[in-house]
Amino acid sequence: MLTLLKLLKDGRFHSGQALGAALGVSRSAVWKQLQHLEAELGLSIHKVRGRGYQLSAPLALLDSSEISAKAVSYDWPAQVYDSIDSTNAEALRAVERGQAAPFVVLSERQTAGRGRRGRKWVSPFAENVYYSLVLRIDGGMRQLEGLSLVVGLAVLQTLRELGIAAAGLKWPNDVLVGQKKIAGILLELVGDPADVCHVVLGVGINVNMQSADEVEQQWTSMRLESGKMFDRNQLVALLGEMLQRYLARHQAGGFLAIQSEWEQNHLWQGRSVSLIAGVNQIDGEVLGIDGQGALRLKVDGVEKVFSGGELSLRLRDDS
Ligand code: BTN
């Protein structure tokens, strides 16, 4: 089915006969595959009698050799899938199979994309970036401190460099424009954090997506914010450069080396918020983050510090 898509991706007309010949199947088999493409991947294909079939818009697909040609300062091997359950899940399976880190897993779509706090990450075909970088961490808990915030900053700077100037951070690791989410980060760990472990840095960026019914939270995309389409291969190469830069700073100086830059980009600095932890809610004012990336809140006049993957922040109306 995806071979057919690759034939159509130029956005030009292709006759049923030519497509059938290229695939070695009958014209009616081509027709069936086209129906499948539309239903499965949500693509729209024009059918014009006498001319053939045409995608409603040309499609630029991810390409690992294009990505490595554009990425000059690192050489993490990247595996690109047409479709996978979750790039994080595949990255963890690759670690289990013994694949040597660092490496990157990318996919054109995810059928079970994972978000934080058990949410699903909506992942339509060929519109966004679903990216997982695997690192091996050798006996250094310090290397894990604040790591998800470091990734957030690298993602933010990638978006800024590509012109999304209004993007900012929301603790712990959302990237927002205004109140709308444009990118999310999910770290997953396997092994012993006190000895040898592997960490999967999962990044989802809404790139060219313009509509999605199933997303449960307010969202936006780079295209919606700028009115432009983005080259995802270039974006992935740049994301790698930024990650490399920020991870090196983090490794050399710990989270302290990143803390103030992170705070400068925190959209909710000084705001009145509610911190949600399961069924509990704590109201306070955001003071900032500490040297490990934990949230500092003023609660009833007293500073308190919070950390943990299951926490989430909401703005209070009065701030
Ligand atoms: C969040 O809820 O904000 C985190 C979303 C993380 C989504 C990315 S997409 C690539 C990687 N693979 C996944 O299954 N999830 C992460």
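- An unreviewed UniProt entry lists the chain under the name Bifunctional ligase/repressor BirA, with Pseudomonas laurylsulfativorans as the source organism.
- Recorded under Catalytic activity (unreviewed entry), the UniProt text for the chain is reproduced unchanged: "biotin + L-lysyl-[protein] + ATP = N(6)-biotinyl-L-lysyl-[protein] + AMP + diphosphate + H(+)".

### Topic: the UniProt feature "binding site: biotin" (unreviewed entry) in the chain
- Taking the numbering used here, the UniProt-annotated feature "binding site: biotin" (unreviewed entry) corresponds to S86, T87, N88, Q110, R114, G115, R116 and K181.
- Secondary-structure assignment places T87 in helix α5 (residues 87-96).
- Ignoring anything within four residues of it in the chain, the contact list for T87 reads V105, L106, S107, Q110, Y130, Y131 and S132.
- Counting through the fold element by element, Q110 comes out in the loop between β4 (103-107) and β5 (129-138).
- Excluding residues that lie within four positions of it along the chain, Q110 makes contacts with I84, D85, S86, T87, W121, S123 and Y130.

### Focus: the site of the ligand
- In the vicinity of the ligand, 20 residues are found, and the nearest of them are S86, Q110, R114, R116 and K181.
- At 2.5 Å, a side-chain N or O of K181 approaches an oxygen atom of the ligand.
- The fraction of the free accessible surface of the ligand (410 Å²) that becomes covered by protein chains is 99%.
- Of all elements in the fold, only α5, β5, β8 (180-191) and β9 (196-205) reach the threshold of two or more residues within the shell around the ligand.
- Looking at the shell around the ligand, the element that brings in the most residues is β8, giving four residues.
- When the residues that make up the shell around the ligand are grouped by side-chain class, the tally is six nonpolar, ten polar and four charged.

### Considering the nonpolar core
- Core analysis: the biggest nonpolar cluster contains 64 residues, and Y131, I205 and M222 have the highest contact counts within it.
- Composition of this core by domain shows at least three residues from each of domain 2 (64-264) and domain 3 (272-315).
- Leaving out residues up to four positions away in the same chain, Y131 has contacts with W76, T87, V104, V105, L106, L201, G202, V203, V236, L239, G240 and L243.
- If you look at the next biggest cluster of nonpolar residues, it comprises 17 residues, including L2, L43, I45 and Y53.

What counts, and where the lines are drawn
Residues numbered from 1 in each chain as written. Predicted model: local features only at pLDDT ≥ 70, side-chain atom pairs only at ≥ 80, totals over all residues. Heavy atoms only, no water. UniProt positions renumbered as here; feature names shortened; annotations may be inferred. Helix = DSSP H or I, 4+ residues; strand = E, 2+ residues; numbered from the N terminus. Contact = heavy atoms within 4.5 Å. Near = heavy atom within 4 Å. Polar contact = N/O pair within 3.5 Å; in protein donor to acceptor, adjacent residues only side chain to side chain. Areas by Shrake-Rupley, 256 points an atom, 1.4 Å probe, with all protein chains shown as cover. Nonpolar A, V, L, I, M, F, W, Y, C, P; charged D, E, K, R; others polar. Core = buried A, V, L, I, M, F, W, Y, C linked by side-chain atoms within 4.5 Å. Buried < 20%, exposed > 50% of the residue type's maximum accessible area, 1.4 Å probe, protein only. Domains from an automatic or database assignment.

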